[in-house]
Amino acid sequence: MLPPAITSHLRMRRRLNAGKSPSPKLTAENYDLSKQGGGGGEEIKSQKSNIFSSSKNIFAMCLAFRIANSLLIQTYFNPDEHWQALEVAHCIVFGYGHLTWEWKKGIRGYLHPLVFALLFKILAVLGLDTPWFMTKAPRMLQALFSAVGDLYLYKLSYALFNYSVANWAVSFYYESRGLVLGLSCLLDRLMYGSWVIVPLNFLKFNFLSSGGDYYGTHKWHWYFSQGFSVMLFTFLPFAIAGSIKSKCWKHSGLIAWVIVLYSLLGHKEFRFVLPVLPIALIFSGYALSVMARPDSPRVMRKGSSNSYTKWPSKVAFAVIFLLATNIPMAFYMSLVHQRGTEDVMIYLSKEASNEKVKSILFLMPCHATPYFSTLHHHLPMRFLDCTPSEEKGIPDESDRFMLDPVGFASELAKNWSLPSHVVLFESKERLLKDFLISRSFKEIRRFFHSHFKVDRDLQASVVVHALND
């Protein structure tokens, strides 16, 4: 009896071959032969001549791309990429850093930060804990993990739509998930000092008590009308076409289930549905592969009376269209959009190394910049707190500042220890210019941040003011 993955593959092959000229049938009897090289010789020969036939080649290409991408990125996407991983790891290894309120509530797990803590420890032992390595090394490590994910995404798509290699690939994925969950629970017990079931606490806070609504809400249809469709961008029509043509309803249903489930929550973010994005891209690949099938129309090669060659005009147009729309967007989002908050911390880290920074106040929405993990100097720093209140309707410091910047800053100045540097967005800096001048601050640097508004007022640039000597 064939394994389930192979049986599923056979059904898929029968659908794909419907309407074609008769060909050797892939059955239970000849499956092992075709897999080992006996039977289906043309297919095996084609695979051997294909650069994608070797897992090592695929992994090498994915790793090279991911490392280049990790070194290229200069922008800031989401606070959690710093505050819930690198900042925690920095605190564990170097003894200083900021743990957000989630760690006091036990709704964050230590497994992910400990991976980077090990990396930071190695850098410290080798004397490589410089600002450059502290910012780039975690991204390169994550590039390694991403490349492994890319490889198994390829294997999964190959298993679904070609001969099956999914027995061990898919098994590896699901078995490893169980091991990771168990390891995570043990690490949380060690780091928290008591048994803390993070997934349960996360479920209670986000699903049962709607705690995430504190950070803003969207309409129920946001993932359908904006979130997931924006993530797919120009791949959207190909993903829909591939889903319909492949008739892989289980995987289409999985995407729908995840989106519907998260749509029930008031608080929505792009990253929540990232796990099903690869499946949608598999469907996009399927749509392109159908367009390039051997039974598609052929045209006569110029200068030949009896030789015909396939000219995949539809595929060529589709690929050019996807490259033309996605590559410029990728460069823009990686190099331009929302880069100011990264640039300012790298600048302050260099200034701190030259002993030009004594303390820093961030007058901007909470967690708007990286923190100690990028600065990597044990200096007094202050940002506006946004810990959810136990009582609904009570604004936090960040909200109060956004509502009345001048009033909040004037009140704060009554009890502050005068900082040497103040960091704020240009939109609020205009309102606070007189306040800063009256306290002997002057602008010393300005960093471009964004061309357009994302969730708040236009944050065109990040401005640094320093105390006059």
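In case you missed it, the structure is sitting above this.
Residues numbered from 1 in each chain as written. Predicted model: local features only at pLDDT ≥ 70, side-chain atom pairs only at ≥ 80, totals over all residues. Heavy atoms only, no water.

Examining the overall build of the chain
Part 1: Along the backbone of the chain there are 20 helices and seven strands.
Part 2: Within the chain, buried positions represent 40% of all 469 residues.
Part 3: Residue pairs in contact within the chain that sit at least 24 positions apart in sequence constitute 70% of those at least 6 positions apart. (Helix = DSSP H or I, 4+ residues; strand = E, 2+ residues; numbered from the N terminus. Buried < 20%, exposed > 50% of the residue type's maximum accessible area, 1.4 Å probe, protein only. Contact = heavy atoms within 4.5 Å.)

Some points on empty space enclosed by the protein
Part 1: Going through the model one piece at a time under the given rule, you end up with five cavities of 30 Å³ or more.
Part 2: The volume enclosed by the largest cavity comes to roughly 60 Å³.
Part 3: What lines the largest cavity is Trp-83, Phe-362, Met-364, Pro-365, Cys-366, His-367, Ala-368, Thr-369, Tyr-371 and Phe-383.
Part 4: Residue composition of the lining of the largest cavity, by class: eight nonpolar, two polar and no charged. (1 Å grid on protein atoms, 1.4 Å probe; cavity = no way out; pocket = protein on both sides within 12 Å on 5 of 7 lines; lining within 4 Å. Points joined across faces, edges and corners; volume = space filled by probe spheres on them. Nonpolar A, V, L, I, M, F, W, Y, C, P; charged D, E, K, R; others polar.)

As for the sheet that holds strand β4 (residues 381–383)
Part 1: The strand order across the open sheet built from five strands is β4-β3-β5-β7-β6, with neighbouring strands paired in mixed fashion. Strands with a single pairing partner mark the edges of an open sheet, and in this sheet they are β4 and β6 (441–448). Between one strand and the next, the sheet's axes are offset by a mean angle of 20°, whatever the strand orientation.
Part 2: Where strand β3 (residues 360–363) lies against strand β5 (residues 421–425), four bridges are found, and the strand directions are parallel. Paired with Ile-360 across the strands is His-421, a residue of β5. (Pairing = 2+ DSSP bridges. Axes fitted to C-alpha atoms, helices over the stretch in contact; angles between N-to-C directions.)

Description of the state of the cysteines
Each disulfide consists of one covalent bond between the sulfur atoms belonging to two cysteines.
Part 1: Within the structure shown, the criterion is met by one disulfide.
Part 2: Between the sulfur atoms of Cys-366 and its disulfide mate Cys-386 the distance is 2.0 Å. Of note, the bridge from Cys-366 to Cys-386 carries an S-S torsion of about 90° and is right-handed in sense. Pair noted here: Cys-366 is in the loop between β3 and α17 (372–375) and Cys-386 is in the loop between β4 and α18 (397–403), with a separation of 20 residues, a long-range link. (Disulfide = S-S within 2.5 Å.)

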